[in-house]
There are 2 protein chains.
Amino acid sequence: MGKNKEGKGTHLNIAVVGGGSWATALVKILSETNDYVGWWMRDEEAVMHIKRYHHNPKYLTGVELQTERIDVTTDLDHIVSEADYIIFAVPSAFLKPALEALTVPLEDKVVFSAIKGIVPDENVIVGEFFFNKYRVPIENIGVIMGPCHAEEVALERLSYLTCASQTEEYASNMAKALACDFIKTSTSDDIYGTEYAAVLKNIYSLAAGICHGLGYGDNFQAVLVSNATREMKRFIKNVHPIKRDITGSAYLGDLLVTAYSQFSRNRLFGTMIGKGYTVRSAMLEMNMVAEGYYATKLIKSVKKDLDIKMPISNAVYKILYEGKNPKKVMAALAEKFS
Amino acid sequence: MGKNKEGKGTHLNIAVVGGGSWATALVKILSETNDYVGWWMRDEEAVMHIKRYHHNPKYLTGVELQTERIDVTTDLDHIVSEADYIIFAVPSAFLKPALEALTVPLEDKVVFSAIKGIVPDENVIVGEFFFNKYRVPIENIGVIMGPCHAEEVALERLSYLTCASQTEEYASNMAKALACDFIKTSTSDDIYGTEYAAVLKNIYSLAAGICHGLGYGDNFQAVLVSNATREMKRFIKNVHPIKRDITGSAYLGDLLVTAYSQFSRNRLFGTMIGKGYTVRSAMLEMNMVAEGYYATKLIKSVKKDLDIKMPISNAVYKILYEGKNPKKVMAALAEKFS
């Protein structure tokens, strides 16, 4: 893993796809130091609002956007055509619908995923989806990960991002483009490991929420996260066995911020389940689906061909998909911890 | 690392030395399943109160103690003579004063330390202190560690402890003695690693507090703890190079509960420093010295002969012992993170 020491900002043409809080945060970061930032979102009214009032009307509304550098539009073909590097930052459930409007090819672009989740129906991680469905070569695929709640980026609180690509130049260029006063960046070649870590951490955050909702305390949460780190290591090592340090910020760091932070939607979703909400009513109440819900199903299906112990993911699967009693499932899980 | 599956409780004669909250929690745990628990504390009035009212008047006051199984006294020689296994659970600063009254030998006893800190003046970890000063053989020394706030034990919230000794039988016996409905136990042979981890985590918790006090957010804290885990691994590996998994509950787990919990005194001490208190005024305000204060000095002195990068411990040392400006020191530290 390298560290970006070569100055900030680039003259790359970079675009962000997505209108939510993480996409807005990425556009804010990029427009700190880059002259051109393309930005696609579906909502025409939001585009008009941003052009006129310089902030997103729905997400991170307090962030003043430097619109003189931002090319914001609902025209996906335009954004993709103009850009060399495209960052996808829609919630994973909206990736396929967002791409429906695309008629220009993606295969000659450098495609980075900032989506911490999997593609529903396809049941694959985002990198694989672009390779399978849009013929983007693996060497053109990248991942932006790290413990980075959008809400804190909005407040310009110091945060760290890891840019991974098997092509060092692409990872390094993206790391430079994202580096600014409040964002520090590193590079990595572990696109599978960082992406799976980001998927798994949503499951563990959900588990932490369930246990919190059931009344388990801080001592137990620390043991849960410690066991989750080991489960993550086993899984990633099995799926993609390269040398990596699981205690790095893109793995353990991302798990920590999600499992411990008050901003985590997965943790909140889990807490509601732990407190007795059904899965369906928790979803309705939150008015959204937590990424960890899909992640749990993906990991279960990937895992079935692998001989790895994954007691935490299994426990969450039983609760979310088999209607098992959270209290009983977590009590059985607790017996397996050390 | 083994797991205790062989049932709960023992017929060992076990005693606890200390009158504070962690000692009280250990006595509560032991008296769940063991017939005899010796308990020494300095305060005669507290002893009388416990015998009469079945709870400690000063610490974990809500805990009802099963005094019919508890031999509580101010007579240290009596407690040591009666016991085969002795757990020391005084704050590290009070260990030497507590032992002044001892006239019977310790060297034929099994001595466990539940002290997460170092012995001031002596500047050594607790196990080494008993070996150096009381001729307790290394094979008779044990350590009880894990993410375990006494306050949560008082509430009978499920918690995990690791009992380490180079003599498997002693580790296993202690693990059995401590296992009860709300405490699960594991064994380990890593007495140095678990003890140093417990010392280091106080420094990292203090660092987390300082950064919190300075206004750093959750994203940064996750990166700090991730970097701290790697620093801990480097240090312990250098001091005692045996095979261990740093993501285990006795290492990472203990770090997490201390760095993230509201109960942590080290974190609170750090927060005050970050908010602008001087070291002296923070100590006065808290009416106690946080273990991390001594730990920082010890690690600095052990480290000076070792070629290990320890940017976090160094930063805390500069702030606590060299009067350096916390804001500047932490900004420089943040540059070193990845």
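Please read all numbers here as calculations on a predicted model, not as lab measurements. (Residues numbered from 1 in each chain as written. Chains lettered and ligands numbered in written order. Predicted model: local features only at pLDDT ≥ 70, side-chain atom pairs only at ≥ 80, totals over all residues. Heavy atoms only, no water.)

**Q** Any chance you could explain the pairing of strand 3 (residues 37-40) of chain B here in plain terms?
**A** Along a regular strand, successive side chains alternate from one face of the sheet to the other. Residues and elements named next belong to chain B. Burial of strand 3 is two-sided: the residues Val37 and Trp39 facing one way and the residues Gly38 and Trp40 facing the other way are all buried. The pairing of strand 2 (residues 14-17) with strand 3 spans four bridges and is parallel. Directly across from Ala15, in strand 3, lies its bridge partner Gly38. Read as a crossover between parallel neighbours, the route from strand 2 over helix 1 (residues 21-33) to strand 3 is right-handed. In the sheet, strand 3 pairs with strand 4 (residues 70-73) via four bridges, with the strands oriented parallel. For Trp39, the partnering residue across the bridge sits in strand 4 and is Val72. For the crossover from strand 3 across helix 2 (residues 44-53) to strand 4, the handedness is right-handed. (Buried < 20%, exposed > 50% of the residue type's maximum accessible area, 1.4 Å probe, protein only. Helix = DSSP H or I, 4+ residues; strand = E, 2+ residues; numbered from the N terminus. Pairing = 2+ DSSP bridges. Right-handed = clockwise from strand over helix to strand, strands pointing away.)

**Q** Honestly, the nonpolar core in this entry has me stumped. Any pointers?
**A** Burial of nonpolar side chains together is a common tendency in soluble globular proteins. Within the largest apolar cluster, 144 residues are counted, with the highest numbers of intra-cluster contacts made by Phe269 of chain A together with Phe88, Leu95, Leu106, Phe130 and Phe269 of chain B. Residue contacts for Phe88 of chain B: discarding those within four places in its chain leaves Val17, Leu95, Leu99, Leu106, Val111, Phe112, Ser113, Ala114, Ile115 and Phe130 of chain B. (Core = buried A, V, L, I, M, F, W, Y, C linked by side-chain atoms within 4.5 Å. Contact = heavy atoms within 4.5 Å.)

**Q** What's the story with the state of the cysteines in this structure? I'm lost.
**A** Throughout this description, disulfide means a covalent bond between two cysteine sulfur atoms. Evaluated as defined, the whole model comprises zero disulfides over all chains. Free cysteine: Cys211 of chain A, not disulfide-bonded; nearest cysteine sulfur from Cys148 of chain B at 16 Å. (Disulfide = S-S within 2.5 Å.)

**Q** Whenever I open this one, the interface of chain A and chain B confuses me. Can you help?
**A** One frequently used descriptor of interface size is the decrease in accessible area upon assembly of the parts. On the side of chain B, 44 residues touch chain A, which itself brings 44 residues to the contact. In total, about 3,400 Å² of surface goes out of reach between chain A and chain B, with carbon and sulfur atoms giving 54% of it. Where chain A meets chain B, there are two salt bridges. The residue Glu335 of chain A makes a salt bridge to Lys184 of chain B at a minimum N-O spacing of 2.6 Å. With 10 residues, helix 9 (residues 218-239) of chain A is the largest single contributor of residues to the side of chain A that touches chain B. Classifying every residue of the side of chain A that touches chain B by side-chain character gives 18 nonpolar, 16 polar and 10 charged. (Buried area = accessible area lost by both parts, 1.4 Å probe. Salt bridge = Lys/Arg side-chain N within 4 Å of Asp/Glu carboxyl O. Nonpolar A, V, L, I, M, F, W, Y, C, P; charged D, E, K, R; others polar.)

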